[in-house]
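# Topology and contacts: notes
Chain residues, written in single-letter form:
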Amino acid sequence: MQKELTVGEVARRAGVAVSTLHFYERRGLIRSNRTVGNQRRYGRDVLRRIAVIRIAQEVGIPLAAIAAALDSLPGGRTPTRQDWAALSTGWRDDLDRRIRHLTDLRDGLTDCIGCGCMSIDRCPLRNPGDRLGEQGSGARRLAPRAG
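Here's a quick rundown of the structure. Here the residue numbers are simple positions, counted from 1 along each chain's written sequence. Residue-level local features of this predicted model are given only where pLDDT is at least 70; pairs of side-chain atoms are given and counted only at 80 or more, and the full residue set underlies all totals for whole chains, interfaces and linings. Side-chain metrics rest on all non-hydrogen atoms present in the structure, leaving aside hydrogens and water.

## Considering the overall build of the protein
- Strands are runs of DSSP state E lasting at least 2 residues, helices are runs of H or I lasting at least 4, and numbering of each runs from the N terminus. The secondary structure content of the protein amounts to five helices and three strands.
- Overall, the protein shows an N-to-C arrangement of helices and strands of β-α-α-β-β-α-α-α.
- For the protein, the proportion of its 147 residues judged to be buried stands at 26%.
- Here the contacts in the protein between residues at least 6 apart in sequence split such that 50% fall between residues at least 24 apart.
- Method for areas: the Shrake-Rupley scheme with a 1.4 Å probe, in which residue coverage is limited to the protein chains shown. For the protein, the exposed surface amounts to about 10,200 Å²; the carbon and sulfur share of it is 52%. Relative accessibility decides the category of a residue: with a 1.4 Å probe and only protein chains considered, values under 20% of the type maximum give buried, values over 50% give exposed, and everything between is partly exposed. Residue contacts follow a heavy-atom distance rule, with two residues in contact if any of their heavy atoms lie within 4.5 Å.

Right, dumping it as C-alpha cells:
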C-alpha cells in the first residue's frame, strides 16, 4: 500500500499553496481522507488530478467546467491519458469560440480608438451594425433607464 501524502507534501509537490488545496477540496475537485487526529491525507493520484486542474485553468477553462468534467469520470477517478484526451477535446471547441470572439474584439478595438466615441453609429463593439440607430437619434446606452 502506498503511503498517503500530507497536505504540505501535496502542496510542495504540486507547486500550489495549502489554501489552494483546501479551496479545491471545498469545490469538490479533490478529496482527502482524515486521520483519527482529523488531519488531511491525500492519495498520490491527487497530484495528477491537480495537474489537470492547473493546466485547464491555465488555458482559461472555468472551475465549474473543470469540476463537471472531473465529475463525469467513472467513480470520480483521476483522469488517465485517454480521459485527458477526451476532456481536452471537449474544451477545444469552447476555446476556439472564445479565441474568435477575442480576435473580433481586438480587431474592433482599433476602430473604436479611432472613433473616439464620436461616431457611435460605426462602433463595432458598442453598436454593431448601427442597431441602436433603429431606435432613433440620441444616446441610447447612456440614457437613464426608466424605473
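## Details of the sheet that holds strand E1 (residues 5-6)
- The strand order across the open sheet formed by three strands is E1-E3-E2, and the pairing between neighbours is antiparallel. The strands lining the two open edges of the sheet, one partner per strand, are E1 and strand E2 (33-34).
- By the convention used here, strands pair only if DSSP detects at least 2 bridges between them. Bridge analysis of E1 against strand E3 (residues 40-42) gives two bridges, and the strand direction is antiparallel. The partner of Thr-6 across the bridge, within E3, is Arg-41.

## What to know about the side chain of Glu-25
- Summarising the element assignment, Glu-25 is placed in helix H2 (residues 18-26).
- By the criterion applied in these results, polar contacts are pairs of N or O atoms within 3.5 Å in which, for protein atoms, one can donate a hydrogen and the other can accept it, and in which residues neighboring in sequence qualify only through two side-chain atoms. At a separation of 2.6 Å, a polar atom in the side chain of Glu-25 contacts the side chain of Ser-32.
- If we ignore the near neighbours within four places in the chain, the residues touching Glu-25 are Ile-30, Ser-32, Arg-40 and Tyr-42.

## So, the pattern of salt bridges
- Salt bridge, as used here, is a side-chain nitrogen of Lys or Arg placed within 4 Å of a carboxyl oxygen of Asp or Glu. Inspection of the entire model under this criterion finds five salt bridges.
- The salt bridge partner of Glu-25 is Arg-40, with a shortest N-O separation of 2.9 Å. Highlighted residues: Glu-25 in helix H2 and Arg-40 in strand E3, separated in sequence by 15 residues.
- For Asp-94, the salt bridge is made with Arg-98, and the minimal N-O distance between the two is 3.0 Å. Of this pair, Asp-94 and Arg-98 both sit in helix H5 (residues 81-115), four residues apart, roughly one helical turn.
- In this structure Asp-94 comes out as partly exposed when scored by relative accessible area, which is 27%.

## Focus on the nonpolar core
- Definition of nonpolar core: a set of buried residues of the types Ala, Val, Leu, Ile, Met, Phe, Trp, Tyr and Cys, connected through side-chain atoms within 4.5 Å. Judged by nonpolar contacts, the single largest core of 24 residues is most densely connected at Val-10, Leu-21, Leu-29, Ile-30, Ile-50, Ile-53 and Ile-66.
- Of all elements in the fold, only helix H1 (7-14), H2, helix H3 (46-58), helix H4 (63-71) and H5 reach the threshold of two or more residues within this core.
- Broken down by element, this core gets its largest block of residues, six residues, from H3.
- Not counting residues within four places of it along the chain, the set of residues in contact with Leu-29 comprises Tyr-24, Arg-49, Ile-53, Leu-63, Ile-66, Ala-67 and Leu-70.

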